Amino acid sequence: MSRGKYNALEKLTILEEVSNGEIGFLAAATKYGINKTTLMKWQRRYKTHGYKGLERRTHLQRYSAELKIQAVKDYLEGDLSQYQIIDKYKIASTRQLFNWINKYNGHSSLTAYKGERKAMTKGRTTTWQERIEIVQYCLSNQYDYQKTAGQFQVSYQQVYQWVKKFEGGGQDALKDGRGRKKAPEELTAADQQKLKMKQMEYEIERLRTENAFLKKLEELERRRR
């Protein structure tokens, strides 16, 4: 049997065949002519919504504003994975979740800026000095987490968490306290001076951008008179 679409009962039969150990995911995907990712999606929906989750949707599922905001915040806090979140809130797909995250950030997509480097999704290791600089840049750019993530090639989640920590406890809150044997991070006087210079550069750039915008507005006003 190999075709493109299956009804809910057929999907359940295939899932039971896999769960009973009669066949593996990859073998089932090959046997029934479906993608392995699709098969795993069926399994998640069945665990979350039961038999109803396997039925074809004839209309869009509606979610409250409160649920959307809480789901986005759970993701940004980093305590739950994307799959745990869609299971927790019974969200249709990870794509739906990421659409909400993009809207929450105020942009239509993850590559909202032309020429901007795409932000990493898994993040990277950073030093205390880097984290302070990243937070300063984000604050100077009106909490634009996505732009900051792209600028420094870190994840959106990392930027969000560092800003929240900084607002709650200042620079010391950005120290990496993981691991008992790891020596505490310290900044030298030279490092502190570099950060102050960076902060001044970001602030000057922000003011330059604002002034340029105001000049354009003034020019438009003069033309209208």
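What counts and how
- Within each chain, residues carry numbers counting from 1 in the order of the written sequence.
- For this predicted model, a pLDDT threshold of at least 70 governs which residues receive local features, and a threshold of 80 or more governs which side-chain atom pairs are given and counted, while totals over whole chains, interfaces and linings are taken from all residues.
- Side-chain metrics in this entry use all non-hydrogen atoms of the structure; hydrogen atoms and water are not considered.
- UniProt positions are given in the numbering used here, feature names are shortened, and annotations may be inferred rather than shown by experiment.
- Pairing of aromatic rings covers Phe, Tyr and the six-membered ring of Trp, with a centre-to-centre limit of 6.5 Å; geometry is then stacked below 30 degrees between planes, edge-to-face above 60, and tilted otherwise.
- Secondary structure counts use DSSP, requiring at least four H or I residues in a row for a helix and at least two E residues in a row for a strand, with both numbered from the N terminus.
- Relative accessibility thresholds used throughout: buried, under 20% of the residue-type maximum; exposed, over 50%; partly exposed, between the two (1.4 Å probe, protein chains only).
- Here, the term nonpolar core denotes a set of buried Ala, Val, Leu, Ile, Met, Phe, Trp, Tyr and Cys residues that are joined through side-chain atoms within 4.5 Å.
- Contacts are assigned to residue pairs that have any heavy atoms within 4.5 Å of one another.
- Each residue after the first adds 1.5 Å to the expected span of a helix.
- What qualifies as a polar contact is a pair of N or O atoms within 3.5 Å, subject to a donor-acceptor requirement within protein and to the restriction that residues adjacent in sequence count only when both atoms come from side chains.
- A patch is a set of surface residues, each over 30% in relative accessible area and not in a salt bridge, joined within 9 Å for like charges and within 5 Å for the nonpolar side chains Val, Leu, Ile, Met, Phe, Trp and Tyr.
- Using the Shrake-Rupley algorithm and a 1.4 Å probe, accessible areas are obtained, with residue cover drawn only from the displayed protein chains.
- Salt bridge criterion: a side-chain nitrogen from Lys or Arg within 4 Å of a carboxyl oxygen from Asp or Glu.
- In predicted models, pLDDT denotes the confidence assigned by the predictor to each residue on a 0 to 100 scale.

- Per an unreviewed UniProt entry, the protein chain goes by Transposase and derives from Paenibacillus odorifer.
- Looking at the Sequence similarities (unreviewed entry) heading of the UniProt record, one finds this comment for the protein chain: "Belongs to the IS150/IS1296 orfA family."

**Points about the packing of aromatic side chains**
Centre distance and the angle of the planes are the two values used to describe a pair of aromatic rings.
Then, number 1: Going through the model one piece at a time under the given rule, you end up with eight aromatic pairs.
Then, number 2: Ring geometry for Tyr63 against Trp100: centres 5.0 Å apart, planes inclined by 75°, an arrangement best described as edge-to-face. Note that Tyr63 is positioned in the loop between helix H3 (36-49) and helix H4 (65-77) and Trp100 in helix H6 (residues 94-105), a separation of 37 residues in sequence. A single burial state applies to Tyr63 and to Trp100, both of which are buried.
Then, number 3: Seen from their ring centres, Tyr137 and Phe152 are 5.2 Å apart, and the 80° between their planes marks the pair as edge-to-face. Highlighted residues: Tyr137 in helix H7 (residues 128-140) and Phe152 in helix H8 (residues 145-152), separated in sequence by 15 residues.
Then, number 4: The structure contains a cluster of three or more aromatic residues connected by ring pairs, namely Tyr143, Tyr145, Tyr156 and Tyr160.

**Some details on the nonpolar core**
Then, number 1: Judged by nonpolar contacts, the single largest core of 30 residues is most densely connected at Ala71, Ile85, Ile91, Leu97, Trp100, Tyr145 and Val159.
Then, number 2: Of all elements in the fold, only H4, helix H5 (82-88), H6, H7, H8 and helix H9 (156-169) reach the threshold of two or more residues within this core.
Then, number 3: It is H7 that contributes the most residues to this core, six residues altogether.
Then, number 4: If we ignore the near neighbours within four places in the chain, the residues touching Leu97 are Ala71, Gln82, Ile85, Ile86 and Ile91.

**Let's talk about helix H1 (residues 8-19)**
Then, number 1: Taking 1.5 Å of rise per residue, twelve residues should cover 16 Å, and H1 covers 16 Å from first to last C-alpha, within 8% of that figure.
Then, number 2: Here H1 has its buried residues at Ala8, Lys11, Leu12, Ile14, Leu15, Glu17 and Val18.
Then, number 3: Among the structural elements, helix H2 (25-32) and H3 are those in contact with the buried residues of H1.
Then, number 4: For H1, the side-chain oxygen to backbone nitrogen distance between the N-cap and Leu9 is 3.1 Å, and the N-cap itself is Asn7.

**Some points on a nonpolar patch on the surface**
Then, number 1: Judged by side-chain polarity, Leu9, Tyr46 and Tyr51 come together as a nonpolar surface patch covering roughly 290 Å² of accessible area.
Then, number 2: Positionally, Leu9 belongs in helix H1.

**A few points about the pattern of salt bridges**
Then, number 1: Scanning all chains against the criterion turns up four salt bridges.
Then, number 2: Salt-bridge contacts for Lys31 lead to Glu17; the nearest nitrogen and oxygen are separated by 3.1 Å. Here Glu17 lies in helix H1 and Lys31 lies in helix H2, a separation of 14 residues in the sequence.
Then, number 3: Lys31 gets classed as partly exposed once you look at its relative accessible area, which sits at 41%.

**Let's talk about the environment of Tyr89**
Then, number 1: Its location among the elements puts Tyr89 in the loop between H5 and H6.
Then, number 2: Taking the relative accessible area as the measure of exposure, Tyr89 reaches 14% and is therefore buried.
Then, number 3: On a C-alpha basis, the gap between Tyr89 and Leu67 in space is 7.4 Å, while along the polypeptide they are 22 residues apart.
Then, number 4: Setting aside its immediate chain neighbours within four residues, Tyr89 contacts Leu67, Gln70, Ala71 and Asp74.
Then, number 5: Here Lys88 takes part through its side chain, which lies 3.3 Å from a polar atom of the side chain of Tyr89.

**Examining the side chain of Arg131**
Then, number 1: Tracing the backbone through its elements, the reader meets Arg131 in helix H7.
Then, number 2: Residue Arg131 is classed as buried on the basis of its relative accessible area, which comes to 4%.
Then, number 3: Within polar-contact distance, the side chain of Arg131 engages the backbone oxygen of Thr126 at 2.7 Å.

**Considering the confidence of the model for the protein chain**
Segments scoring low in pLDDT should not have their predicted coordinates read at a detailed level.
Then, number 1: Looking at the protein chain, the pLDDT average stands at 75 and 73% of residues meet or exceed 70.
Then, number 2: Note on residues 107-119: pLDDT is under 50 here. Beyond four places in sequence and across chains, it has 24 contacts.
Then, number 3: Predicted confidence for residues 179-184 stays below pLDDT 50, and this span has one contact to residues more than four positions away or in other chains.

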